[in-house]
Every structure is written in C-alpha cells, then in structure tokens.
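A closer look at the structure
What follows is the residue order along each chain.
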Amino acid sequence: MQLISHSGLATWLDHLAQETTLIAPRNVDGVLLYRPVQSSGDIVWDFVRPVLSVKEAFFPATERVLTIEKTGQQIRLNETVPDGERVIFGVRSCDARGFLAMDALFANTEPVDVYYTTRRENTALIGLSCNEMGETCFCTSTGGAPDDPTGMDLMLTEVDDGYAIQVITEKGAALLPEITLQELAGEIPQPVLNDPVPFPPMEAWPPQFNDAYWADMAERCLSCRICAYVCPTCRCFDVRDEPLPAENGSQHFERIRCWDSCAGEVYRQIAGGHNPRAAKGDRMRNRFFCKFYYYPEQYGPVACTGCGRCVDACPVNIDITEVMHAVQRLAEVEP
Amino acid sequence: MLDATFNLSTTTTPRAFNGHTSIYLPVIATIEDVQVESKLEKVYDVRLPGGENLGHSPGQFVMVSLPGVGEAPISVMSSPSRTHDTFRLCIRNAGDLTNVIHKLERGDRVGIRGPFGRGFPIEVFKGKDVLIAAGGLGIAPARSLIDQIIDNRADFGRLIILYGARNPSELLFRDAMAEWEERDDVEALVTVDRADDTWLGHVGVITRLFEHIQINPYHTVAITVGPPIMYRFVVMELSGKGLTPEQIWMSFERRMKCGVGKCGHCQVNHRYACQEGPAWTYAEALAFEEAL
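As the structure is a prediction and not an experimental result, all values here were calculated from the model.

**Re the pairing of strand β7 (residues 123–128) of chain A**
Each regular strand displays side chains that alternate between the two surfaces of the sheet. Residue and element names in this part refer to chain A. Burial runs high along β7: 6 of the 6 residues are buried. Every second residue of β7 is oriented toward a common face, with T123, L125 and G127 on one face and A124, I126 and L128 on the other, all of them buried. For strand β6 (residues 86–91) and β7, the ladder comprises 5 bridges, and the chain directions are parallel. Bridged to V91 within β7 is G127. Examined bridge by bridge, β7 and strand β8 (residues 154–159) share 3 bridges and lie parallel to one another. Each residue of the ladder has a partner; that of L128, found in β8, is L156.

Structure, rendered in structure tokens:
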C-alpha cells in the first residue's frame, strides 16, 4: 500500500479542484456539508460526519427533472439530465454504504433513473476512514465499519506520516497523483470501535407489526421528517411543478422532485382524503420496517448504514438503536 | 392459482421511456373531446401523438400532467376493445390538478406517461362468471373491464355488475347502464346510499345488492373497485357467498407520484401498487399488512 504525505495530499486535492469539480466536507455557515471546494484549504478535516449524507450529491433535496415551456396550446418539454464529472473527497464509509441501497432502487431496478445513474457514473469517491466511531455511530452493527471501503474508488486512512491510499477501482486508480508515492511502512492502525447494538434479523420484524410498542414509541414524534432528510438511504420523493421566469409571451415551469418521507402526515393520503397510514405509530413503524424488512425483502440491502445521523438530528430523541433493541427484545419474548 | 395469476403481469414499461432517457418525461397528448358526466366528473377523449394506441389493459392507469400544475395518476376508463386512436379518462374535480383539468377544452394539451401497473388479468377471467362491484368513481376503471367483457361476451360466463353511488345525482354512465339493463346477458344492479324524489331503484350501501343475486362460487371471479372502506364489506359478502380470497380482485389506487416504482408513495409494505398492482387479489392483499 502507498503513502501520501499531508502536503502531498493537499497538492493533489488542489490539483483535482483545478481539473474537475471537487466536492468535500466544508463549513457552510456553521454547518458541515459535502460541497464544492476551490482548494484543499476549504476542506474540514476533523469531523465525525457531515450533517447531510453524500446522498444529496446524487439525489439532491430538490432536483429539476424537466423544464416545461407553454406557448398558447403548445407545450415543449426538456429533460434536464445532469452532466459534468466530479470527485468527492472525504466520503465516510457509512455514506458510501448507502449506495448499496440507493443503487438497488435507482440503478439496478428497471426502469433506470437516469438522473441518479448519470451522477453515479460521472462521480469518483475518495473515502476517508474514521479513526474512531462517533458517539451515536453504529456502522459495525449494520454490516459496515469505520474503514470499510465498500462503494469507494479510493480509500484513505490517516497514518503517522500522512494517509495510506487503498486503490479500490480503476476509476480510483486513474485519479491517483502523477508523483511517485512512497510505500507505506508498517500496518494501518485499526479504528476504535463502539460496542455493537443488536441487529434484529429480518424474520424478527413481521411478528411485531401489531405490537403496542409502535404507538408508544412514536407518541412524541413531531412528524418533522428530519430523520429521512439526514438519512443516507431514505429515497422517497414528491414531484411538483414550480414557475420559472416567463419569456417572450410563453410560460416557463420546472418539474422538480424533492425529498419526502413516510413519517409525514399526508405522505400516504389517497384520493378522497382517505389515509391508510394516518396514525403516527403506523408511520414510524413503516419507517423502521422499511429500513430493516421491506427494503431488504424488495431489493436486498438493509436501508440503514448505522451512520447515527437520525439519532443526532431527532428533536425528541427517537433513537433507531433503541428501536433495534426493542424489536430484538420483543422477538425474544414472542419469537 | 395465486402464483399463476401473479405472474400474469401486463406491460409496466413506461411509454415515455421509449426513446427518452428520462422516465419522468411525458408525451404531449391532445384532448379530442370533453363530455360533462355529472356535477363533479367529466369524461375526456385523449389522443396520443400520431393517434398511437395506448395499449393498456383494464385496471391500468396513466400519469396525467399539466404544465405548472403537476401530475396525478388517473385510471383508464376505456376498454382496450374501444381504444383506438383515442383513450378515455373519467376525471373527478377533486384537487388542484383536476380542478384545472376541468377547465380544459377540446384541442388543449396534456402530458401523459404510461400506461402503468398491472391491470386485471382478463385472460384468467375467461370462461368464468364475472361479478364486478364498483362504488362511486370506481365505476370508471370498472368500465374498462366491463366494456372489454361485453365486447368479447362469448368468452365469459355471466356478467354481474353491482354499482353503488352516494345519491342519484352522483350516478355516472347512466346511458351505459340503460344499455346493460336492456341486455339479457348482463345483470346490472344499481343502488344509492340516499334516495331522492327521482329515484325508484335500490336504496342502501352496495353490499345490500348481494341479497338480490345468486352466484356459483366455484365458477365466479369478483372484482371490486371503489373507496377503500367499501372493500372490507364487499369482501365479507363475497366470502359469505363462498368465494376464496384468490377469486377476489381489487384495485389499490394510491396517490402515485412517479408511476415507475421509485418515489415510495404507493408502497404497500414491500410492494409497489404502481408496479405489481394496482390490481391485487384479496389473497395477495391479506399477505401484507395495512393493505386494507
């Protein structure tokens, strides 16, 4: 394995920022986000994880899918498929693992979502291992690890004299700096791990569907949906039209898709106002069933990477690891 | 039987996807005709570019959109047998989009994606007695199936149509119903929840009509389309008459936002109503929670 010095890495990232769009953890008005940077100096190095997952670089919170031009009775539509190559640096393992779930739906299930797949194809991911797990992290309980290279093109891990570079894909190899890198002497240090939380197997979930636990647990939920917004795998969306400035007597609009969440009150409302999932307990139950039962049943991957963002973000302390504990307990009592 | 019917999927390849990269790009269709059906509903004849046949099956839906207003799923009303260069939609004025659709006239344009979903497996119904129980606007998607059966009448056994509306002014397709009542190979019964001075027919919820019919449970398939609350009671009646859950079909019309199995809104547990539904058997519905 090769080693890049701190200064060598900074030079390389500066070069990437010149050559292409470089996205990295950056402080935006006091909030840490994956955002384009102009140079390595913009990058924040000491962090647990950005507030929003790297998902938003592939499936943005609000995204234009079409532009619509209406002149009299004539309607013209244009698809707005994204272009441009990008490199994302500083990707956490939990976020890259989220692509297992996102790819399964958008890229590997027909019909393919070209907005998502184009960004995936045009983007290289440079991972940055965590030296230790954050307070609310539990990636090791959902199949990942702080230094898991799954989904990355290159994986960097901090060592004494710089960063060890692990080449994962050809796309990653093509990104490597042209300077000669030293060979790494010694071992890569192992990350410090948190105690694991229980991970109830799929079959533990269905018997608990009608348990009173869900209504109790969700009673304090504010239906604010922040859990879905910070999640690296939540991928539900709404589609709506918004006006754009009019030109030459014609009306212009954009059709956008924006993040939505099953925790929201009207998410499941159907024609006529009926709502088969109106109760808070039912909605929160769906959120957790989706992550650990429906999603794996439908697509394979578990839709939780143990990043812990929802635990940090929830204003009323609903904790997904407590739910995992509870389901495990319920399954043991009533298997 | 369950597996056999479950695999009878109809096309789920979105029309707008052909030749385009975006699965969200509609084609621009033209409204050829508008008819006022009731105070709340209008019927639209829609022509795809070049008069292309929609190529749907009964029970499928299309995504209808208007620039600047949005997009919504609407079931196709016309049967494949009566769909040539135009197809037909019955649209209730019930929301932001449908409110604007109701202002459209002949010659106006709408965006269309679809047809989407799995419709009713009409091949499986062949040779059997078919009972259709429709409530309210559910008669519109039911029309697609009814007309398909009427136009291929010899392929099926008895055709029993039960239709319920809240009051006589909300009854749709009175002309078609008059035709059904004229025919001796269609048994059509209509009821209203609340009668008025003009109404001489049955009064009461749709399940009250079951006392007027005899069916052979070994030889019948039942299809119910309507408000979700109706399904539970219709299923009780059908079960009481000896039908198994595999013989009962129902349409799960959710508020799809994408129609292509991505947005999550129509999911029932781990199944997408826009892909594997909206037509599901009661047996299938029983296998997942919170379907009914």
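**With respect to the interface of chain B and chain A**
Counting residues at the interface gives 43 residues for chain B, matched by 45 residues for chain A. In this assembly, chain B packs against chain A so that about 3,800 Å² is buried in total across both faces, 52% of it on carbon and sulfur atoms. A salt bridge links R255 of chain A to E71 of chain B; the shortest N-O distance between them is 3.9 Å. At the boundary of chain B with chain A, the tally comes to 24 residue pairs in polar contact (both at pLDDT 80 or more). Of all the secondary structure elements, the ones that give two or more residues to the side of chain B that touches chain A are β3 (61–66), β4 (70–75), β13 (267–268) and β14 (271–272) of chain B.

**Focus on the packing of helix α2 (residues 93–106) of chain A against helix α3 (residues 114–121) of chain A**
Residue and element names in this part refer to chain A. Axis separation between α2 and α3 bottoms out at 9 Å; the angle between their running directions is 130 degrees. In terms of orientation, α2 and α3 fall into the oblique class. For the pair α2 and α3, the crossing hand works out as left-handed. Here F99, M102, D103 and F106 of α2 come into contact with α3, specifically with Y116, T117 and R120. Across the contact of α2 with α3, the residue classes tally to 4 nonpolar, 1 polar and 2 charged.

**Here we look at the pattern of salt bridges**
Enumeration according to the criterion identifies 31 salt bridges over all chains in this entry. Ionic pairing is found between R166 of chain B and E170 of chain B, a salt bridge with its closest N-O pair at 3.2 Å. For E170 of chain B, a relative accessible area of 23% puts it in the partly exposed group. Taken together, the shared-partner salt bridges in this structure form one network comprising E63, D113, R119 and R257 of chain A.

**Some details on the sheet that holds β3 of chain B**
Residue and element names in this part refer to chain B. With antiparallel pairing, the 6 strands of this open sheet are ordered in space as β4-β3-β6-β1-β2-β5. With one partner strand each, in any of the chains shown, β4 and β5 (87–92) form the two edges of the open sheet. If you compare each strand with its neighbour and ignore which way they point, the axes differ by 40 degrees on average. In this sheet, β4 lies alongside β3 in antiparallel orientation, the contact comprising 6 bridges. Bridge pairing links L66 to G70 in β4.

**Quick word on the sheet that holds strand β3 (residues 31–36) of chain A**
All names here are of chain A. The 8 strands lie next to each other as β3-β2-β6-β7-β8-β9-β1-β10, forming an open sheet whose pairing is mixed. Strands with a single pairing partner mark the edges of an open sheet, and in this sheet they are β3 and β10 (182–183). Here α2 sits on the sheet and contacts β3, β6, β7 and β8; the angle it forms with β6, its principal contact strand, is near 125 degrees.

**A short note on the nonpolar core**
Core analysis: the biggest nonpolar cluster contains 141 residues, and F125, L131, L162, W180 and I223 of chain B have the highest contact counts within it. No other element matches helix α7 (residues 280–299) of chain A, which puts 9 residues into this core. Both domains that furnish three or more residues to this core are identified here as domain 1 (8–116) and domain 2 (122–286) of chain B. Beyond its immediate stretch of four places on either side in the chain, L162 of chain B contacts L131, I132, A133, A134, L189, I206, L209, F210 and I213 of chain B. With 23 residues, the next largest nonpolar core counts L22, I43, L128 and Y163 of chain A among its residues.

**Section: empty space enclosed by the protein**
Residues and elements named next belong to chain A. Counted according to the given criterion, the structure contains 7 cavities of 30 Å³ or more. In this structure, the largest cavity occupies an estimated 180 Å³ of space. As for the largest cavity, its lining consists of 21 residues, of which R235, C236, C262, N286 and C290 are closest to the centre. Per element, the largest residue contribution to the lining of the largest cavity is 6 residues, and it comes from α7. Taken together, the residues of the lining of the largest cavity break down into 9 nonpolar, 6 polar and 6 charged. One number sums up the size of the second largest cavity: a volume of about 130 Å³. Together, 18 residues line the second largest cavity, and C227, M284, R287, C314 and I318 are the ones closest to its centre. Going through the elements one at a time, α6 (226–230) and α7 are the ones with two or more residues in the lining of the second largest cavity. Examining the composition of the lining of the second largest cavity, we find that 3 residues originate from one element, α7, more than from any other.

**Concerning the domain arrangement of chain B**
Where interface size is given, it is often the accessible area lost as the parts come together that is meant. Residue and element names in this part refer to chain B. Entries for chain B in the domain assignment read domain 1 (8–116) and domain 2 (122–286). Each of domain 1 and domain 2 has a C-alpha centre, and the two are 22 Å apart. Residue-level contacts link 28 residues of domain 1 with 28 residues of domain 2. Counting the surface lost from both domain 1 and domain 2, the interface buries some 2,300 Å², and carbon and sulfur atoms represent 61% of this. Broken down residue by residue, the surface that domain 1 buries against domain 2 is led by P58, M77 and R82, which jointly contribute 21%. Where domain 1 touches domain 2, the interface holds 2 salt bridges. With its nearest N and O atoms 3.5 Å apart, the salt bridge here joins D147 to R82. One can count 8 residue pairs in polar contact (both at pLDDT 80 or more) joining domain 1 with domain 2. Where the side of domain 1 that touches domain 2 is concerned, the elements lending two or more residues are β2 (41–47), β3, β4, β5 and β6 (109–116). Ranked by residue count, the leading element in the side of domain 1 that touches domain 2 is β4, at 3 residues. Of the residues belonging to the side of domain 1 that touches domain 2, the class tally is 14 nonpolar, 8 polar and 6 charged.

What counts, and at which threshold
Residues numbered from 1 in each chain as written. Chains lettered and ligands numbered in written order. Predicted model: local features only at pLDDT ≥ 70, side-chain atom pairs only at ≥ 80, totals over all residues. Heavy atoms only, no water. Buried < 20%, exposed > 50% of the residue type's maximum accessible area, 1.4 Å probe, protein only. Helix = DSSP H or I, 4+ residues; strand = E, 2+ residues; numbered from the N terminus. Pairing = 2+ DSSP bridges. Contact = heavy atoms within 4.5 Å. Buried area = accessible area lost by both parts, 1.4 Å probe. Salt bridge = Lys/Arg side-chain N within 4 Å of Asp/Glu carboxyl O. Polar contact = N/O pair within 3.5 Å; in protein donor to acceptor, adjacent residues only side chain to side chain. Axes fitted to C-alpha atoms, helices over the stretch in contact; angles between N-to-C directions. Parallel < 35°, antiparallel > 145°, perpendicular 65-115°, else oblique. Left-handed = near helix turned anticlockwise from the far one by under 90°. Nonpolar A, V, L, I, M, F, W, Y, C, P; charged D, E, K, R; others polar. Core = buried A, V, L, I, M, F, W, Y, C linked by side-chain atoms within 4.5 Å. Domains from an automatic or database assignment. 1 Å grid on protein atoms, 1.4 Å probe; cavity = no way out; pocket = protein on both sides within 12 Å on 5 of 7 lines; lining within 4 Å. Points joined across faces, edges and corners; volume = space filled by probe spheres on them.

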